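Fold and contact review
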Amino acid sequence: MKMKLFSAVLLLVTILLVYPVQIRAADANSPPAKDANTTSAKELKPIELPKPQMEGGKPLMQALKDRKTSREFSSEKLPMQVLSNMLWAANGINRPDGKHTAPTAKNMQEIDVYVALEQGLYLYDAKENKLIGVLAQDLREATGKQPFVKDAPVNLVFVADYAKMGNTPDDQKNFYAATDTCYVSQNVYLYCASEGLATVVRGMVDKPACSAAMKLRADQKIILAQTVGYPKK
Ligand SMILES: Cc1cc2nc3c(=O)[nH]c(=O)nc-3n(C[C@H](O)[C@H](O)[C@H](O)COP(=O)(O)O)c2cc1C
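This section reports on the structure supplied with the text. These figures come from a predicted structure and were not determined experimentally. Throughout, residues of each chain are indexed from 1 in the direction in which the sequence is written. A pLDDT threshold of at least 70 governs which residues receive local features in this predicted model, and a stricter bar of 80 or more applies before side-chain atom pairs are shown or counted, although totals over entire chains, interfaces and linings include all residues.

A word on the site of the ligand. For each residue, a C-beta position is placed from the backbone atoms; the residue is near a molecule or strand when that point lies within 6 Å of it. Near the ligand the following residues occur: Lys 68, Thr 69, Arg 71, Gln 146, Val 200, Val 201, Arg 202, Gly 203, Met 204 and Leu 224. Only DSSP runs of H or I reaching four residues or more are called helices, and only runs of E reaching two or more are called strands; each is numbered from the N terminus. Among the elements that make up the shell around the ligand, the one with the highest residue count is strand β6 (residues 198-202) (three residues). Classification convention: Asp, Glu, Lys, Arg as charged; Ala, Val, Leu, Ile, Met, Phe, Trp, Tyr, Cys, Pro as nonpolar; all other residues, Gly among them, as polar. Of the residues that constitute the shell around the ligand, the class distribution is four nonpolar, three polar and three charged.

So this is what it looks like as structure tokens:
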């Protein structure tokens, strides 16, 4: 009888000791709890941009005179109207046939403009004039190697979608993707010169790390990034 009681107590103690360990092990294997920085695109609402203003700004020759690279940014956010105008200048649609402010070889329209803001990563949808939510994560720091990128309000990432380049030979894909990106970048430079914004185009990007952070497909290639913001006072 004493022996049976002892065995029952031993069994109970063993269960009490082992069960919590199993629970902890199961917790370790389950996916990490979601926090504000790891929510999915579904939870990052799209941003409807205000209609871009195509009037005003400096005359072209004056904008060219003022175009320059700046690397000192205020952390002040850009108003939505300014963001919309800048993205339209960069690569918006400027004709009824759906063509853009920047030219592309063979009209392949392969350059996508990603927009890294504090609240998340977005893709500029020129047709709908909105920002599509991609990742609810602040990826500004991942878009470059220079210290100002993490605090500047906007970092653009120019991504060539090789899937849109048909059967163009690979060396030409690389050449066209690079040249087509530079037109978009120069449009941003000229808009910034016109509006008194600071900007720098950047080749210094850890592309594998940035692609991974942005969860890009293998045939989406980061070409350049560009920081935009108000000049530091
Ligand atoms: C393709 C390309 C890549 C560049 N990459 C960087 C960069 O990674 N970081 C940076 O601070 N400036 C970068 N720049 C900016 C140049 O340093 C800048 O344009 C140059 O110094 C001339 O200055 P300006 O633009 O004021 O005429 C880049 C410019 C180009 C065209």
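Turning next to the sheet that holds strand β1 (residues 47-48). We call two strands paired when DSSP finds no fewer than two bridges between them. Ordered in space as β1-β4-β3-β2-β5-β7-β6, the seven strands form an open sheet in which the pairing is antiparallel. The open sheet terminates on both sides in strands that have one partner only, identified here as β1 and β6. Where strand β2 (residues 111-117) and strand β3 (residues 120-125) come together, four bridges link them in antiparallel fashion. Of the residues in β3, the one forming a bridge with Val 115 is Tyr 122.

To estimate the expected span of a helix, count its residues, drop one, and scale the result by 1.5 Å. In this model helix α4 (residues 170-195) runs 38 Å from its N-terminal to its C-terminal C-alpha over 26 residues, within 8% of the 38 Å that 1.5 Å per residue would give. Looking one or two places after α4, you find Gly 196, whose phi comes out positive at around 70 degrees.

Taking burial as the measure, the ten residues of strand β7 (residues 220-229) include nine buried ones, the bulk of the element. Taken together, the eight bridges between strand β5 (residues 154-161) and β7 define a ladder with antiparallel strand orientation. Pairing of Asn 155 across the sheet is with Thr 227, part of β7. Both β6 and β7 contribute to a ladder of five bridges, which runs antiparallel. Note on β7: the bridge partner recorded for Ala 198 is Gly 229. With C-beta atoms placed from the backbone, a residue is buried if 20 or more other C-beta atoms are within 10 Å of its own, exposed if 12 or fewer are, and partly exposed between those counts.

Let us now look at the nonpolar core. Judged by nonpolar contacts, the single largest core of 50 residues is most densely connected at Val 113, Tyr 114, Val 115, Leu 156, Val 157, Phe 158 and Val 188. Of all the secondary structure elements, the ones that give two or more residues to this core are α3 (80-91), β2, β3, β4 (130-135), β5, α4, α5 (207-214) and β7. With eight residues, α4 is the largest single contributor of residues to this core. In this description, a residue-residue contact is defined by the distance between C-beta atoms placed from the backbone, which must lie within 7 Å. What Val 113 contacts, discounting residues up to four positions off in sequence, is Leu 87, Ala 90, Asn 91, Tyr 124, Leu 156, Phe 158 and Val 184. When buried Ala, Val, Leu, Ile, Met, Phe, Trp, Tyr and Cys residues are joined through C-beta atoms within 7 Å, the set is termed a nonpolar core.

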